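Architecture and fold: a report
Chain by chain, the residues:
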Amino acid sequence: MSKTSISNLVSRLSLLIILSFFFTTVRADNAPDPGLVSKGEVLFKENCKTCHAVHTQEVGPALKDVTKRRDVKWLSAWIRNSSQVIASGDKYANDLYNKFGKSPMTSFSSFKDDEIKAVLAYIDAESVKGPEKKEEKVVIGEPPVEKVDTTSTIILILVVVVLILVLTTLIVFLSVIKRFLKDKEATLTEADKELVNQKFDLVAVVKSKMFITIVSLLFVTIAVRACWLGALSIGVEQNYEPVQPIPFSHKQHAGEMKINCNYCHTGAYKSKQANIPSVNICMNCHTHVKEGPRFGAEGIAKVVKAYETGAPIKWVRVHNLPDLAYFNHSQHTTVAGIECQKCHGPIEEMEVVRQHSPLTMGWCINCHRETAVNSKDNAYYDKLLKVHADSKKKGEMKAEDIGAIDCSKCHY
Ligand code: HEC
Ligand code: HEC
Ligand code: HEC
Ligand code: HEC
Ligand code: HEC
Ligand code: HEC
């Protein structure tokens, strides 16, 4: 290889490397910063989502590729105060305003530059992603379709089929042997002959002692088992998930919108009852928000109607201890520092509330045996802790050790 061709090759290679470096950095510059996008997502959902979507027109226009239509300066001015932009005589702004029936957009004058940048980054990212598949609209009032576990049924059917096959082969096999022996009847002894010529007598079989004992044993076992299971599940309503009169969704409100549980369940940290919110609390938002993504205007109309007629919403109660048991929320949430989800499960993921825990006496007592008391910043417990440390009992001071499994603590 000549010298020139080597240097030629080297220079070409370096050019290639520089070029590829250039293109990757350019790409990296264009790639949205995930932190910025997720910040923008939060801001968008909190402030803009009520009127805008990226791919569809809602109250306001679809915001897809808006940063290509308008520059950042215009957009910042618009988002901070759209009426000012309209008043300045900007043609684009006036056309848009007229097209949308002169409904003014809310002003976000407190938005800082980086917040506007974040929202726009989110809109850009969503524009590239393409429209999400629309979730199917759920019909209000229709109970959710129950999923039946079919695997166990299929296994059962298979077992029965196999058993029947085995039985028929046995019968066929038996008759073949019988016929074979009949041919050789002459060579058989008296006793064997009797056996071969024996007719199958069903009545005799049913009347036999053996048969009766087996059947009655079977019967007793099944009955006892059913009674036992029944007794264990009396009053246990685990997984109870009633259909509610209004399709209120915790997934939407507590999950996606991150509204604090305490905002609606005002007693959960300070009293015995957690409380179900009155319709006034819903109206804090629903005087403004009139449409939801799943039911359109229909779902929220029910909330507004309840507010206007003053008739309380008849929520179906999900969790319900019998009157003989005493349970106090603040004792568990505030004093013991237990999270709602520990007892109620992932409520913020539930479309419809479901009873997550069995709520049986055994469930309460198990937890009292396992859970250490929360003695942090609680002077009342300092003395008890010392007594506990001096006692023969090893390990942390459990709820059990402060008397939480005495019958009288939970039963009046
Ligand atoms: C109360 C409803 C409402 C809210 C909330 C709202 N907008 Fe708007 N927006 C509109 C309407 C309506 C228009 C159409 C122009 C008009 O009528 O003023 C619009 C227009 C726009 C435009 C111009 C679109 C285009 O095609 O050029 C942008 C950009 C925009 N909005 C961004 C936002 C952002 C970002 C937020 C949240 C920070 C937001 N909007 C919140 C109602 C709203
Ligand atoms: C926007 C108001 C709101 C927020 C926020 C909210 N809830 Fe609820 N919650 C309700 C309403 C209304 C009901 C009654 C209807 C139902 O069961 O869906 C309810 C019912 C419940 C129930 C069942 C009550 C029963 O009947 O036994 C539990 C448990 C519950 N919420 C826990 C939570 C937890 C935990 C959080 C926080 C992660 C939370 N909620 C956040 C409004 C709210
Ligand atoms: C902090 C504000 C806020 C409170 C309080 C609130 N909501 Fe909502 N709710 C919203 C918003 C915002 C939406 C629309 C969600 C969306 O567009 O993703 C909504 C949607 C809904 C929907 C429509 C669901 C759909 O997808 O169509 C219903 C029904 C509803 N809320 C009922 C209630 C009830 C009942 C209460 C009171 C227990 C309540 N909301 C309290 C903000 C609130
Ligand atoms: C130690 C378990 C436990 C924890 C922790 C807990 N709950 Fe409960 N919750 C229960 C039980 C048990 C009931 C049924 C009470 C009854 O029927 O008297 C209940 C009932 C409820 C109800 C129905 C209305 C009522 O007051 O009876 C709501 C709403 C509720 N809880 C919300 C919450 C919220 C919100 C939190 C967190 C701040 C929370 N719970 C934490 C066990 C718990
Ligand atoms: C997730 C664990 C947990 C579950 C489930 C639970 N508890 Fe508790 N409970 C505690 C803890 C921890 C304490 C100790 C709180 C304290 O420091 O006073 C406690 C305290 C109590 C006390 C006060 C005891 C005393 O000595 O003053 C009562 C009453 C009580 N629980 C009733 C119940 C009932 C009724 C249930 C079932 C419906 C239940 N708890 C379910 C953890 C639990
Ligand atoms: C930590 C709280 C707690 C303690 C301590 C406790 N219980 Fe219970 N008990 C309950 C709860 C909750 C129920 C309701 C459970 C249900 O409906 O399945 C219950 C139910 C009962 C029932 C009625 C059973 C039924 O099927 O209706 C009896 C009887 C009972 N308890 C006796 C006792 C006795 C005796 C003690 C003391 C050895 C005791 N309990 C201690 C929480 C407790």
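Residues numbered from 1 in each chain as written. Chains lettered and ligands numbered in written order. Predicted model: local features only at pLDDT ≥ 70, side-chain atom pairs only at ≥ 80, totals over all residues.

**As for the overall build of the protein**
In terms of regular secondary structure, the protein is built from 20 helices and 0 strands. Counted over contacts in the protein with a minimum sequence separation of 6, partners at least 24 positions apart contribute 66%. (Helix = DSSP H or I, 4+ residues; strand = E, 2+ residues; numbered from the N terminus. Contact = placed C-beta atoms within 7 Å.)

**A word on the site of ligand 3**
In the region of ligand 3, 23 residues are neighbours, and Cys282, Cys285, Gly292, Arg294 and Gly299 sit closest. At the level of elements, helix 12 (250-256), helix 14 (279-286) and helix 15 (297-309) are the ones that each hand at least two residues to the shell around ligand 3. The biggest single contributor to the shell around ligand 3 is helix 14, with 5 residues. Across the shell around ligand 3, the residue classes break down as 14 nonpolar, 7 polar and 2 charged. (Near = placed C-beta within 6 Å. Nonpolar A, V, L, I, M, F, W, Y, C, P; charged D, E, K, R; others polar.)

**Notes on the site of ligand 6**
In the neighbourhood of ligand 6, 17 residues make up the surrounding shell, with Ala325, Met361, Cys364, Cys407 and Cys410 lying closest. Elements with a minimum of two residues in the shell around ligand 6: helix 18 (361-370) and helix 20 (407-410). Examining the composition of the shell around ligand 6, we find that 4 residues originate from one element, helix 18, more than from any other.

**Side note on the nonpolar core**
With 17 residues, the main nonpolar core has Trp78, Val119, Leu120, Tyr122 and Ile123 as its most contacted residues. Contributing elements (two or more residues each) for this core: helix 4 (72-80) and helix 7 (113-129). Per-element tally for this core: the top contributor is helix 7, with 7 residues. With near-sequence residues (within four places) excluded, Val119 lies in contact with Gly40, Leu43 and Phe44. (Core = buried A, V, L, I, M, F, W, Y, C linked by C-beta atoms within 7 Å. Buried ≥ 20, exposed ≤ 12 C-beta atoms within 10 Å, placed from the backbone.)

**Comments concerning helix 19 (residues 379-390)**
Helix length check: helix 19 (12 residues) gives 18 Å between terminal C-alpha atoms against 16 Å at 1.5 Å per residue, within 8%. Counting buried residues along helix 19, only 0 of its 12 residues qualify, which leaves the element largely exposed. (Expected span 1.5 Å × (residues − 1).)

**Overview of the packing of helix 14 against helix 15**
With their axes 10 Å apart at the nearest point, helix 14 and helix 15 run at an angle of 125° to one another. When the axis of helix 14 is compared with that of helix 15, the two are oblique. Between helix 14 and helix 15 lies a crossing whose hand is left-handed. Contacts between helix 14 and helix 15 involve Val279, Cys282, Met283 and His286 on the former and, on the latter, Ile300, Val303, Val304, Ala306 and Tyr307. Taken together, the residues of the contact of helix 14 with helix 15 break down into 8 nonpolar, 1 polar and no charged. (Axes fitted to C-alpha atoms, helices over the stretch in contact; angles between N-to-C directions. Parallel < 35°, antiparallel > 145°, perpendicular 65-115°, else oblique. Left-handed = near helix turned anticlockwise from the far one by under 90°.)

**Topic: the environment of Phe248**
Here Phe248 lies in the loop between helix 11 (209-232) and helix 12. In sequence terms Phe248 and Glu351 are 103 residues apart; their C-alpha atoms lie 7.6 Å from each other.

**Some points on the packing of helix 2 (residues 34-47) against helix 7**
Two elements in contact, helix 2 and helix 7, have axes separated by 7 Å at closest approach and are oriented at 95°. It follows that helix 2 is roughly perpendicular to helix 7 by the angle criterion. Between helix 2, through Leu36, Val37, Lys39, Gly40, Glu41, Leu43 and Phe44, and helix 7, the contact on the second element is made entirely by Glu115, Lys117, Ala118, Val119, Ala121, Tyr122 and Ala125. For the contact of helix 2 with helix 7, the class distribution of residues is 9 nonpolar, 1 polar and 4 charged.

**Considering unusual backbone geometry**
Across residues other than glycine, the phi torsion is negative in most instances, and most of the peptide bonds are trans. In this model, Asn275 sits at a positive phi of 75°, which is unusual for a non-glycine residue. Inspection of the secondary structure puts Asn275 in the loop between helix 13 (261-264) and helix 14. Take Asn275: there are 14 C-beta atoms within 10 Å of it, and that puts it in the partly exposed class. Look at Leu359: it is not a glycine, yet its phi comes out positive at around 60°. Checked against the element boundaries, Leu359 lands in the loop between helix 17 (340-344) and helix 18.

**Describing the confidence of the model for the protein**
When the pLDDT values of the protein are averaged, the result is 81; 84% of them are 70 or greater. For the protein, helix 1 (residues 3-30) is the element with the lowest average pLDDT, namely 42, and helix 17 is the one with the highest, namely 95. For residues 1-29, every residue scores under 50 in pLDDT, and the model assigns this stretch 1 contact once sequence neighbours within four places are set aside. Predicted confidence is poor over residues 134-148, with pLDDT under 50, and the contacts of this stretch with residues over four places away or in other chains come to 8 contacts. (pLDDT = per-residue confidence, 0-100.)

**As for the environment of Gly345**
The topology assignment puts Gly345 in the loop between helix 17 and helix 18. Residues Gly345 and Ser357, 12 residues apart in the sequence, show an inter-C-alpha distance of 7.6 Å.

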